[in-house]
Amino acid sequence: WSLREGDFSKARKRLEPKPLSVERTKGSEILFGIAPCALALSQSRRDLFRLFLKQSSGSRRLVTSELVLQATARGVPVHHVKRRELDALCRGRVHQGVCLEATPLRFKSLEEAEKPDLGDEENPNRQLIWLVLEQIQDPMNLGALLRSAYFLGVDRVVTSQRNSCPLTPTVSKASSGAMEVFDIYSTDDLRSFLKAKTAEGWEVVGTVSKPEDVENVPVISCLEFRWNKPVIIVIGSEGDGLSLETQLLCHRMLAIPPGRALHPGIESLNVSVATGILLHSICSQKLRHSG
């Protein structure tokens, strides 16, 4: 029997059509998922080459026809392909029946950005909040951070260039497409950047999961934090948190008070969840002031 079953499976493999092998445009990447692809099509931030849609997507037909309209308006060819071909294109990730071949998005340099914002920053009533990420390496975390920052009203996100995750299709999917509409900046000298912003009158606020680990910088609960000038929230890497050098550039450190006595080993939050909580507590003050 085992022999015969083996023969059957070989015969079946021979009969199955070979999946489409797509010749990729040099330097392109494959975006996947409805939100990243739809938002990339609606913005002019990437060069777009081809849209791939799953054949006969049934309940998603309305979304699909919308994407076809967007692609046609931008002059992007549309290919209807089998699910297996989409799986192969995005290496088995959750594509929701949509892939888009496009050029990658890059971080912007801070030099490109400083000038247009100065008018805003000189306005004393303008409460600016920037989020600075030091060595976030997990694309799912980076995407979730960008999604929260965009939703909660952060004015700018800046990452450290070294040991940070690039802006990949996985980050775009995890951000639910926020990466496609939100400029992300990076700096190769985080410390000089923080010192410069301090000299301009910004408050630099770090984050810590265990207050007892911090020396020489006051630690307060995020519930007690009040701000009346532009503020930078600095988030550290998944494993190690903020580096000591960066901690020492912070004026205060924020901690999230736990709601119970914690079992050893479960004493911290995921970095993107913690950031969402901190940003909500800080950005909600901004909303109250402006209202």
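Residues numbered from 1 in each chain as written. Predicted model: local features only at pLDDT ≥ 70, side-chain atom pairs only at ≥ 80, totals over all residues. Heavy atoms only, no water.

Under an unreviewed UniProt entry, the protein chain has the name rRNA methyltransferase 1, mitochondrial and belongs to Aptenodytes patagonicus. The protein chain has a UniProt comment under Sequence similarities (unreviewed entry) that states "Belongs to the class IV-like SAM-binding methyltransferase superfamily. RNA methyltransferase TrmH family." For the record of the protein chain, the UniProt heading Subcellular location (unreviewed entry) holds the text "Mitochondrion". (UniProt positions renumbered as here; feature names shortened; annotations may be inferred.)

Visitor: Looking at this structure, I do not really get the overall build of the protein chain. What am I missing?
Guide: For the protein chain, the helix and strand inventory stands at 10 helices and 12 strands. Buried residues in the protein chain amount to 43% of all 291 residues. Residue pairs in contact within the protein chain that sit at least 24 positions apart in sequence constitute 86% of those at least 6 positions apart. When the accessible area of the protein chain is evaluated, it comes to approximately 16,200 Å², of which 52% is carbon and sulfur surface. (Helix = DSSP H or I, 4+ residues; strand = E, 2+ residues; numbered from the N terminus. Buried < 20%, exposed > 50% of the residue type's maximum accessible area, 1.4 Å probe, protein only. Contact = heavy atoms within 4.5 Å. Areas by Shrake-Rupley, 256 points an atom, 1.4 Å probe, with all protein chains shown as cover.)

Visitor: Just to check I follow, could you spell out the pattern of salt bridges for this structure?
Guide: It is possible for side chains of opposite charge to pair when their charged atoms get near one another. Under the defined criterion, the tally for this structure stands at 9 salt bridges. R46 is the partner of E29 in a salt bridge, and the nearest nitrogen-oxygen pair spans 2.9 Å. Within this pair, whereas E29 is found in strand β1 (residues 29-32), its partner R46 is found in the loop between α2 (34-42) and β2 (48-54), the two being separated by 17 residues in sequence. Relative accessible area serves as the criterion here: at 12%, E29 is assigned to the buried category. Residue classification places R46 among the buried positions, given a relative accessible area of 3%. Of the charged contacts, one joins D183 and K108 as a salt bridge, the two residues approaching to 3.7 Å between their closest N and O atoms. Within this pair, whereas D183 is found in the loop between α7 (169-174) and β8 (184-187), its partner K108 is found in strand β5 (residues 108-109), the two being separated by 75 residues in sequence. (Salt bridge = Lys/Arg side-chain N within 4 Å of Asp/Glu carboxyl O.)

Visitor: What should I look at first to understand a negative patch on the surface in this one?
Guide: Together, E111, E112, D188 and D189 make up a negatively charged patch on the protein surface. Along the chain, the position of E111 falls in helix α5 (residues 110-122). Residue classification places E111 among the exposed residues on the basis of a relative accessible area of 61%. (Patch = residues over 30% accessible without salt bridge, like charges linked within 9 Å, V, L, I, M, F, W, Y side chains within 5 Å. Lys, Arg positive; Asp, Glu negative; His and termini not counted. Charge placed at Lys NZ, Arg CZ, Asp CG, Glu CD.)

Visitor: What am I meant to see in a nonpolar patch on the surface here?
Guide: Taken together, L269, V273 and I277 make up a surface patch of nonpolar side chains, about 230 Å² in accessible area. Along the chain, I277 turns up in helix α10 (residues 271-290).

Visitor: Got a minute to help me understand the pairing of β8 in this structure?
Guide: Side chains on a regular strand alternate between the two faces of the sheet. Burial of β8 is two-sided: the residues I184 and S186 facing one way and the residues Y185 and T187 facing the other way are all buried. Here β5 runs beside β8; their pairing, made up of 2 bridges, is parallel. Bridge pairing links S109 to S186 in β8. Looking at chain direction, strand β7 (residues 156-160) and β8 are connected through 4 bridges and run parallel. Residue pairing for β8: V158 is matched across the bridge by Y185. Since β7 and β8 lie parallel, the crossover through α7 that links them has a hand, and here it is right-handed. (Pairing = 2+ DSSP bridges. Right-handed = clockwise from strand over helix to strand, strands pointing away.)

Visitor: I would appreciate a short explanation of helix α8 (residues 190-199) in the present structure.
Guide: Count 3.6 residues to each turn of an α-helix, and residues three or four apart come out pointing the same way. Within the span of α8, buried status applies to L190, F193, L194 and K197. Along the axis of α8, the buried residues cluster in a sector spanning 95 degrees; they form a single face. In α8, the exposed positions angled more than 90 degrees off the buried face are occupied by K195 and A199. Backbone geometry just after α8 places G201 at a positive phi near 100 degrees. (Arc of directions from axis to C-beta.)

Visitor: Can you walk me through the packing of aromatic side chains in this structure?
Guide: What describes a pair of aromatic rings is the distance from one ring centre to the other and the angle between the planes of the rings. Taken as a whole and assessed by the stated rule, the structure comprises 3 aromatic pairs. For the pair Y150 and F182, a centre-to-centre distance of 5.6 Å together with 65 degrees between the ring planes defines the contact as edge-to-face. On the criterion of sequence distance, the pair formed by Y150 in helix α6 (residues 139-152) and F182 in the loop between α7 and β8 is long-range, its members being 32 residues apart. Residue class for Y150 comes out partly exposed when judged on its relative accessible area of 46%. Put simply, the rings of W130, F193 and W202 pair up and form one aromatic cluster. The ring of Y185 has R156 lying over it, and the distance from NZ or CZ to the ring centre is 4.5 Å. (Phe/Tyr/Trp six-rings, centres within 6.5 Å; stacked < 30°, edge-to-face > 60°. Lys NZ or Arg CZ within 6 Å of the ring centre and 35° of its normal.)

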